[in-house]
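One-letter residues, chain by chain:
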Protein chains: 2
Amino acid sequence: VPIGGTLDREALAALLAAGIEPARGMQLRVACAETGRVVIAAPLAGNRNDKGTAFAGSLYSVAALAGWALLTRRCRTEALDAEVVLQSSQARYLAPARADFSAVAREPGRAELAKLRRMLARSGRGRVTIAVEVRCADAAVMSFTGAYAVIARSVA
Amino acid sequence: VPIGGTLDREALAALLAAGIEPARGMQLRVACAETGRVVIAAPLAGNRNDKGTAFAGSLYSVAALAGWALLTRRCRTEALDAEVVLQSSQARYLAPARADFSAVAREPGRAELAKLRRMLARSGRGRVTIAVEVRCADAAVMSFTGAYAVIARSVA
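Everything numeric here is computed off the predicted structure, so don't read it as measured data.

Each value, and the rule that gives it
- Residues numbered from 1 in each chain as written.
- Chains lettered and ligands numbered in written order.
- Predicted model: local features only at pLDDT ≥ 70, side-chain atom pairs only at ≥ 80, totals over all residues.
- Heavy atoms only, no water.
- Least-squares fit on C-alpha atoms with pLDDT ≥ 70 in both.
- Contact = heavy atoms within 4.5 Å.
- Core = buried A, V, L, I, M, F, W, Y, C linked by side-chain atoms within 4.5 Å.
- Buried < 20%, exposed > 50% of the residue type's maximum accessible area, 1.4 Å probe, protein only.
- Salt bridge = Lys/Arg side-chain N within 4 Å of Asp/Glu carboxyl O.
- Phe/Tyr/Trp six-rings, centres within 6.5 Å; stacked < 30°, edge-to-face > 60°.
- Helix = DSSP H or I, 4+ residues; strand = E, 2+ residues; numbered from the N terminus.
- Buried area = accessible area lost by both parts, 1.4 Å probe.
- Polar contact = N/O pair within 3.5 Å; in protein donor to acceptor, adjacent residues only side chain to side chain.
- Nonpolar A, V, L, I, M, F, W, Y, C, P; charged D, E, K, R; others polar.
- Pairing = 2+ DSSP bridges.

(A) View of the relation of the copies chain A and chain B. With an RMSD of 0.0 Å, the operation that places chain A on chain B is a rotation of 180° combined with a shift of 0.0 Å along the axis. With respect to symmetry, the two chain copies, as superposed, fit the operation of a two-fold axis. Among all residues of chain A, the one whose C-alpha sits closest to the rotation axis is Gln90(A), at a distance of 2.3 Å. Mapped onto chain B, 100% of the interface residues of chain A again fall at the interface, so both copies present the same surface.

(B) Quick look at the nonpolar core. Tyr60(A), Met142(A) and Tyr60(B) are the most contacted members of the largest nonpolar core, which totals 104 residues. Once residues lying within four places of it in the same chain are set aside, the contact partners of Tyr60(A) are Leu86(A), Ser89(A), Ala91(A), Tyr93(A), Met142(A), Phe144(A), Ala56(B), Gly57(B), Tyr60(B), Ala91(B) and Tyr93(B).

(C) Here's a closer look at the pattern of salt bridges. Residue and element names in this part refer to chain A. This model, assessed by the stated rule, comprises 22 salt bridges over all chains. The salt bridge partner of arginine 74 is glutamate 78, with a shortest N-O separation of 2.7 Å. Taking the relative accessible area as the measure of exposure, glutamate 78 reaches 30% and is therefore partly exposed. One network of salt bridges, with partners in common, ties together Arg73, Arg74, Glu78, Glu107 and Arg117.

(D) Quick look at the packing of aromatic side chains. Tallying each qualifying case throughout the model produces 3 aromatic pairs over all chains. Between Tyr60(A) and Tyr60(B), the ring centres sit 3.5 Å apart and the planes meet at 5°, which makes this aromatic pair stacked. Separated into two different chains, Tyr60(A) in helix H3 (residues 56–77) and Tyr60(B) in helix H3 (residues 56–77) make up a pair that spans both. On the basis of relative accessibility, which here comes to 0%, the residue Tyr60(A) falls in the buried class. Look at Tyr60(B) and Phe144(B): their rings are 5.3 Å apart centre to centre, the planes differ by 75°, and that puts the pair in the edge-to-face class. With a gap of 84 residues between them, Tyr60(B) in helix H3 and Phe144(B) in strand S6 (residues 139–152) connect regions that are remote in the sequence. An aromatic cluster is defined as three or more aromatic residues linked by ring pairs; in this entry it consists of Tyr60(A), Phe144(A), Tyr60(B) and Phe144(B).

(E) The arrangement of the interface of chain A and chain B in detail. If you look at the interface, chain A gives 32 residues, while chain B gives 32 residues. A buried area of about 2,400 Å², summed over both sides, lies between chain A and chain B, and 58% of it is on carbon and sulfur atoms. At the surface where chain A touches chain B, the tally comes to 2 salt bridges. Across the salt bridge formed by Glu21(B) and Arg48(A), the nearest N and O atoms sit 3.0 Å from each other. Counting the contacts that link chain A with chain B gives 16 residue pairs in polar contact (both at pLDDT 80 or more). Contributing elements (two or more residues each) for the side of chain A that touches chain B: H3 and strand S3 (82–93) of chain A. In terms of residue count, the dominant contributor to the side of chain A that touches chain B is S3(A) (11 residues). Of the residues that constitute the side of chain A that touches chain B, the class distribution is 15 nonpolar, 11 polar and 6 charged. Alignment of S3(A) against strand S3 (residues 82–93) of chain B, held across 5 bridges, turns out to be antiparallel.

As structure tokens, then:
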């Protein structure tokens, strides 16, 4: 994918398929990549735990990848060749997921993006927090907050 | 596995294999289940991300399952028929994992266990925090803290 281009649903799906080995086993797919958000979905089947609901690690994985995909797209849009790395996270499980589920990552606000750009311009590294909600059958089942590092590849 | 028995390495491995569908794709195995700790290991191959290091969601999954397995064994030891459910977590990624990795979950202290028993006796529900460290090639690559609910099955 050329730097400075944009990443649509198909391009993000190709990045996941090529780069994230466990994505296939979990049957992850990019459900939506419209402006302002990225949605990554997974089926319940194949992701169940001992209670027959979605495994905590699968819910977490779709959330972490939705945030990663959103920021990877943001870098591409801004013509920035950078690595996006999850540094820390907080997760809260709100209800069991008894059906297919999807993680909705939302773009950070303008002030956060402006701060990220300043950090990158100054040192080639920045840090930004992304909020992700995992939903199942119209209910929120998990809330995730991830702090991601964005590292320009020239200094990586 | 009978209630009131104990869960050794093979029994925990059987629980994982039978109950946690994504465990097979991630090739998780119970590496150690000696008194006081449970260790769940995974190979780097099959768990890689776009950077060729271990995927954040795989590191998280081994950690969450190590805590779950430790508490599930604890319930069995105490002859308590209970469900163990992850409620919330905090994770910090300390370094990239460039080789096979394993999550080490440690038993909570006596005071925490005593508190858990009191909550269970009073209401059939308790809550306990488990600290897990994920290690790779003698270095810590992730620290995980999970708050787990323990719910006696008679009130589940």
